[in-house]
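# Reading the structure
The primary structure of each chain is shown beneath.
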Amino acid sequence: MPPNDHTLIGSVVERKSSGPSIAKSSKFTATPGTGFPVAQHRSKSAFARAREEAKANNDVARLDKAPLLALTKETRPPSTVETKPIPTDVEGLRCQISEENERVVANMSPEEVEKQRQEVLEQLGSGAEDLLKRVWEARQRKAAREEAARKSAGHTTGLSDFQPKPVLPSLGVRPGILRVKSLENVSHSGSSPVLVQRSSTRPPSRSGRKLRFAEVAPKDIHVYESAPTSPKQPVLALPPPPDKPDSSIISLGSLKGDPIPFKWSCCTDSPSDGGKGASGDTEPEEGTPEYIRRRYFPDAPENDPSLEWIQSSGSSDSSEPRFDLSGVIIPPSLSETLPSHLGLHHHAEGKRAGYTLDDIFLLSRSTVPAQRASMLSVLAKIAYRLGIQVKQEDSSEKVVELTGKEDELRKRILGAGLAAINERGSVGAMAVQVVWECLVGWDSDTTDLEAVELWTAPDVIRSTQPERLLPMIADILVQAVLPRETNEQLLAIIYRFAQESNELANVVTNSPNLIPIIIQSFLLTPIPPRGDSLFPNPLALRLLIILASASRANALALLDPADALLRFVALLPSSSPFPVPLATSLLTQTLRLYRVLACYGLYSHAATSASQYFSALCSYALAPPSMLLGSNTLIQLRVAWISLLEAWIVCATDPHITTPPHEILWSQVSAWRWASEVRQFRKDISDAEPDWEVWSAIWNTQAVWLEGSRINGVKGGHVEREEVLQFIKLGFESPDGSECKVVLTTLQALRRNLLKLTADGPGVEMDFRSIAVPAAVLCSAVRLWLACLPPLKDASLETPPFLLPFGELSKLCAELLGHPVWSLPQRRGLHLQIHLRPFTSLLAYFHRLSRYIPSTGPDLWLAQGFSILTRLIPGDEELALTMTEECALLITPRSTGLQAQLPSITTDILKPFFEHTIRPNSDVYISPLYLTTLSVPRATTLRLPGPVPLISTEDQVKTGLPLPRDWPTAPLTHLLRSGTSSVFRALPSSWDATEVDVVRATLLLLYVSHGVLQRWNLGMYALGPAESVFACMRVCMLEHDVGAGVSGLDSSVEVYRDGAVETLMGLLLAPFTSKRPPTSATCTAFTISADEPTCTSLPALTSQNYLELASRTYFQHTHIPFYQFYSDFVALYTAVSFAHSLFGALLLPPLAMRYPSDYRRLVWCESGDGATTANNGLGAVTEVIRTVCLDTERVICCGLGWPGWHDPGTLLDVREYLYPVERDGRILGAYTQALLAGRSAPQGFLRLVAVHHVAHTIWPDLRKLVCVPEDEAGNASETTNESGTHSFTATYSPASTFDNPQGLQNNGVKLLRLLLNGGDGPTVRDVLLYCQSPCGPFTWPPSCFDGGLSVTGLAGWREERIEHVRNVIGDDMAERVKVIFQQKGD
């Protein structure tokens, strides 16, 4: 650069003004008398402050005069204005300050000088003179060094000596600063005048910077039009350059190259650049990470970890989906072609339009409110589409790119909304919208479920921290700064919290001031409403209903605001200032809230204190629907009113059950004639489907009226019963009667809808809801029939009160009992069990009705009861207790025909155990679907509970329903845990029974229930083989003296040795023992092709056939594996059993081949104190194997099946112990040693097992018979069958049977040598001639030891075995065994 060229800072140029010079005015002219300058707010632009300053100086002409757009000739300020250059270097500035100080001191008097001197000394202290002297000397030394450096630099660079060295380098030589090419060669003449005076408020860090300006030529400035960023933005008022040259216009240079702004390259001469600028190397592109490093961090190395943040976050061409402002994904092809004015290119990397999810989440935390609100709106729309996608797989709003990520994105989007929910304005409103979409909109299909804890999203709800969020919502509602729609969304969010669980409902109720704020904001609005006031919101009443239903404590807390809600009862919809549909809805929800309170026996006094209002309400409900009120709205009002009357009638039946007592009396109910008023509703309704709910409410109210009359009326309510029958009997018995039509149409609708539920399709939940109403109608009809019965004692019913289609009802209940609808809540969510409540009530009440049907015998009635008990769900505890008590009373030895074999046994002693099984937590009492006088004072909640945690304690279990399959064995569990059982701690003083009595009664109940269920083809509800075996195992585990001193129970000997107990266990296990076919032949010939074996998949493992699953209920709270229990069981057998035959038989089921080999290894190799060694020194046998002498006919089979099983009728077959063939080397060795044990060798069935596995290991022809499907995987998978029980499907792979053919052959040779050399005659003969097939009938011993099986393609098996011995051992041994084969062959 030439020495006379001056550099510029950026492109800052000084515009020369041709107007008259304006004298400088101090910035303190408008300063008040405080001496401080006026505060200047940064929110005002420099242009706005300039206009205000001009107004303050009355410079009106300047305001009206348009600014010049081009520079004119240079003009000098008039000479009258004395301007003095301000030194831009530190030394010059110091000299100027020193000169000014000297002038000030010269103009001061001696007294003023002395005064100032004393002030300086006071401020700096006594050593001020030395301090100032040292400072002056330091400055002199520094000036000398700088002067020497300046001279040295001048000779090196060739710069003029007169040019002062700036503190900071100028634009052209500063590293990282771009040089403007069009301004580099602008000539300068002389020194530029000082155009700007330094302000006293300038930051001291910039006080040393020197500003110099170039002499701008006309060619260096160009005025051009600005390209609009949006089509709506007007073009700036800058005209294009004229065609003819104009010297008054100064050009800023001409644009060259690509019209798209490009990146300027620059050169630096900083030391860190290593001389790249001097060598001519180009700088990196502007905006790249390397450019940023060189520009702002020149001393940092290239790969500095602290600068990772400047690296690009990702490729601009990423395949990540991009969304528009409506939350819709932009196709990639369209994303690259959209124009930039749509607002989809801002803040997103690359050239593609739209926002990625990361962009949206990042911008949702922006500090710009409008931007943050916009992004929250996009998140709300995305959450809406994801919620629909979860509920409807074939939805048109489905976001395919986000499939499978819905739950994760739901939590992220919810977190973004919660972070801004406390903001004001549009940001807060959009945040509420986001939270609403994630909580309420996402689960919109469950909004109407109030009587059940949802538990559909516990993790999502927990992440909101309701304890902190609810007070924030209360504050927002109090401030009332958000729109009405937003406040309603906040109410819906609170409603969703209350739906989730009773615990959260309690949190909502106990949140400070939340409930009063909700009532004041959404219910107690001004009457009449003002122009700006809001109408009441029925959702607030529904929220109160859920809160009261959650717990009795919440209901008590809501008693105070209940009085204020009478305004909706006093002002009927016809006279309400609100719209008729809204007023009717408010009235309906208020009545529903009063019914919920009445279910706890609360607020019943309202029937007396507001009797005139309720009387007017009844007249209004009886009126036909008007034009302003739809029929559906009126139906809901009628149902709510009639249901409230039902609850009040139950409370009046026993006035002591209300809180406080005697709030409502039966005499009052009779005087109000509610029963007759309810009967009047039947005149105005039809048998059409919309009126079914009204019919159900009418029949339920009449039923409780008759039940109350039976207690409080004269002669057991005889008059009331006759009065009711006079009105309804003809309607039920006449084909044209309304009641008869309703029953028949609901029967048909229910059976038709049940057929739709057989397939698990997308609309199954809607079909599930559609069958609840007809089931409730039928249940109400049966309930009314039972209420019309006279108070029977021992007398039988001669004629029914009125006719019902008993045959159709019985067939429907049978179909319903085995329908797969019961497993739907397990698959789709436990909250759906709320729709099963009418089904369970229908089954339970029909069971009561069934005993009055002449064709129903005691066996059938017991079978119905035992099967229905397993279908009852939470809330049916009263029905379950009544049913178990009634069924148990019928079970006696006389009723079973066993009075000759058994002593007197009473099952009534089992009642405390069953009560605890059905209701394990005494602090939880779930109100039944239909109120009773027992439930009103005891109910703690009206809502069904959610799922129990997988790892839970007994205290966390709220109910015992649905009952497990082995519920009749519960007394045995409590006997085994008598020391810690809560039943024994709470037994009544009148209960007196021994251990043996409890076991006898339990086994008798098990035996009878299994028998009646099997006889009436309801075996799926009976205990299976594994469940029965495990029950008997627990009996054997009861040692004598168990419970002594704790429960009062005592037994002088082991319980299983009692004669009655042993007999009952034998009867219970008899159906599961193998049975020899009733034929005279002892050998069955069966032909099978070895080339094409026939195989069938194995049965699924369930609690009925697999002990590890059958014991789940017993171990569910202890988490002890069944193997540990079995180990203790085996140890107890060896210790105290003395070879008890039944005890020994119970040891065998876990030895089946579908169990892990650990069980077989425990019994054959490890049990007992040690193995008994034979005299020959080759054999050894454990204590268990030696003492268990069990014939094959007494072996218990659980129906596990085996590879090769093909006939479902032959499941109870001992071949489940034989196939697949054992491949564990240690167990095979134990089999062989046991066979070589001589006199101690196993006998009976265990000998058959050992011979079978050893023979199949030795002989190749037997291995060919084993059938293993090639496609079976050898693992287990858990499923749920139609009855709702868990099952496991286990299969075996070929590798599990033939792990290593060569290894098997070697093992077989070793075993053969050992047997032939050390075995006795019978043992060798049995192994040599053993023959058994996995297919076809089982070959019973001793036929299986005589070779009595003919196999197609293997007719020469004897010769083949002889040849096998010859090949692996030798000719001598082959000739010896040939004699044995020839003897049997003859």
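Residues numbered from 1 in each chain as written. Predicted model: local features only at pLDDT ≥ 70, side-chain atom pairs only at ≥ 80, totals over all residues. Heavy atoms only, no water.

On to the overall build of the protein chain, then. Counting secondary structure elements, the protein chain contains 59 helices and seven strands. Within the protein chain, contacts between residues separated by at least 24 positions form 73% of all contacts whose residues are at least 6 apart in sequence. Within the structure as shown, the protein chain displays about 68,100 Å² of accessible surface, and the carbon and sulfur contribution to it stands at 54%. (Helix = DSSP H or I, 4+ residues; strand = E, 2+ residues; numbered from the N terminus. Contact = heavy atoms within 4.5 Å. Areas by Shrake-Rupley, 256 points an atom, 1.4 Å probe, with all protein chains shown as cover.)

Let us now look at the state of the cysteines. Here the structure, examined in full by the defined rule, presents zero disulfides. For Cys-1331, which is in no disulfide, the shortest distance to another cysteine sulfur is to Cys-1344 and amounts to 9.2 Å. (Disulfide = S-S within 2.5 Å.)

In this structure, Asn-502 sits in helix α16 (residues 502–510). Exposure remark for Asn-502: the relative accessible area of 8% places this residue in the buried category. Separated by 3.1 Å, the side chains of Asn-502 and Arg-943 make a polar contact. The residues contacting Asn-502, other than those within four sequence positions of it, are Glu-453, Ala-550, Thr-941 and Arg-943. (Buried < 20%, exposed > 50% of the residue type's maximum accessible area, 1.4 Å probe, protein only. Polar contact = N/O pair within 3.5 Å; in protein donor to acceptor, adjacent residues only side chain to side chain.)

As for its placement among the helices and strands, Leu-402 is situated in the loop between α10 (369–391) and α11 (406–419). Using a relative accessible area of 2% as the deciding quantity, one classes Leu-402 as buried. C-alpha separation for the pair Leu-402 and Leu-386, spaced 16 residues apart in sequence, amounts to 8.2 Å. What Leu-402 contacts, discounting residues up to four positions off in sequence, is Phe-323, Leu-357, Leu-386, Gln-389 and Leu-409.

Look at the link from Thr-659 to Pro-660: it is a cis peptide, with omega at -5°. On the secondary structure map, Pro-660 appears in the loop between α25 (631–653) and α26 (666–672). If you check the backbone angles, Ala-1139 has positive phi at about 60° while not being a glycine. Relative to the assigned elements, Ala-1139 resides in the loop between α48 (1122–1137) and α49 (1141–1146).

Taken as a whole and assessed by the stated rule, the structure comprises 41 aromatic pairs. Relative to Tyr-1159, the ring of Phe-1122 lies with its centre 6.0 Å away and its plane at 40°, an arrangement referred to as tilted. Note that Phe-1122 is positioned in helix α48 and Tyr-1159 in helix α50 (residues 1157–1166), a separation of 37 residues in sequence. Here Tyr-1159 falls in the buried class, since its relative accessible area comes to 2%. Between the NZ or CZ atom of Arg-295 and the centre of the ring of Tyr-296, over which it lies, the distance is 4.7 Å. (Phe/Tyr/Trp six-rings, centres within 6.5 Å; stacked < 30°, edge-to-face > 60°. Lys NZ or Arg CZ within 6 Å of the ring centre and 35° of its normal.)

So, about the environment of Leu-379. Mapped onto the elements, Leu-379 comes out in helix α10. The class of Leu-379 is buried, set by a relative accessible area of 0%. Between the alpha carbons of Leu-379 and Leu-325 there is a distance of 9.3 Å; along the sequence they are 54 residues apart. Residues in contact with Leu-379, not counting those within four places in the same chain, are Ile-360, Phe-361, Ser-364, Ile-413, Ala-416 and Val-434.

Right, let's talk about empty space enclosed by the protein for a bit. In this approach the atoms are scanned with a rolling probe the size of a water molecule, which exposes any empty space left behind. Applying the stated rule across the entire model yields eight cavities of 30 Å³ or more. What the second largest cavity holds in volume is close to 80 Å³. Lining the second largest cavity, in full, are Phe-866, Thr-870, Arg-965, Trp-967, Pro-968, Ser-1009, Leu-1013, Tyr-1021, Ala-1022 and Leu-1023. For the lining of the second largest cavity, a count of residues per class yields seven nonpolar, two polar and one charged. (1 Å grid on protein atoms, 1.4 Å probe; cavity = no way out; pocket = protein on both sides within 12 Å on 5 of 7 lines; lining within 4 Å. Points joined across faces, edges and corners; volume = space filled by probe spheres on them. Nonpolar A, V, L, I, M, F, W, Y, C, P; charged D, E, K, R; others polar.)

The biggest cluster of nonpolar side chains holds 354 residues, and the ones touching the most others in it are Phe-614, Trp-648 and Trp-1164. Considering every element that reaches this core, the biggest residue donor is α25, with 15 residues. (Core = buried A, V, L, I, M, F, W, Y, C linked by side-chain atoms within 4.5 Å.)

It is worth spelling out helix α17 (residues 514–522) at this point. Taken together, the buried positions of α17 are occupied by Leu-514, Ile-515, Ile-517, Ile-518, Ile-519 and Phe-522. Buried positions along α17 lie against α14 (466–479), α15 (484–500), α16, α18 (538–550) and α20 (559–564).

Remark: helix α52 (residues 1225–1235) packs on helix α53 (residues 1245–1258), axes separated minimally by 9 Å, with the N-to-C direction vectors making an angle of 120°. It follows from the interaxial angle that α52 and α53 lie oblique. Like other packed secondary-structure pairs, α52 and α53 cross with a definite hand, here left-handed. For the pair α52 and α53, the contacting residues are Leu-1228, Tyr-1231, Thr-1232 and Leu-1235 in the first and Arg-1247, Val-1249, Ala-1250, Val-1251, His-1253, Val-1254 and Thr-1257 in the second. Of the residues that constitute the contact of α52 with α53, the class distribution is seven nonpolar, three polar and one charged. (Axes fitted to C-alpha atoms, helices over the stretch in contact; angles between N-to-C directions. Parallel < 35°, antiparallel > 145°, perpendicular 65-115°, else oblique. Left-handed = near helix turned anticlockwise from the far one by under 90°.)

Looking now at the pattern of salt bridges. Enumeration according to the criterion identifies 40 salt bridges in this entry. Among the salt bridges present, the one from Arg-372 reaches Glu-423, with a minimum N-O distance of 3.8 Å. Taken together, the residues span a long stretch of sequence, with Arg-372 in helix α10 and Glu-423 in the loop between α11 and α12 (425–441) at a distance of 51 residues. The class for Arg-372 is buried, based on a relative accessible area of 14%. Taking the relative accessible area as the measure of exposure, Glu-423 reaches 37% and is therefore partly exposed. Here Arg-1247 makes a salt bridge to Asp-1326, at a shortest N to O gap of 3.2 Å. Placement of the pair is Arg-1247 in helix α53 and Asp-1326 in helix α57 (residues 1321–1329), with a sequence separation of 79 residues. (Salt bridge = Lys/Arg side-chain N within 4 Å of Asp/Glu carboxyl O.)

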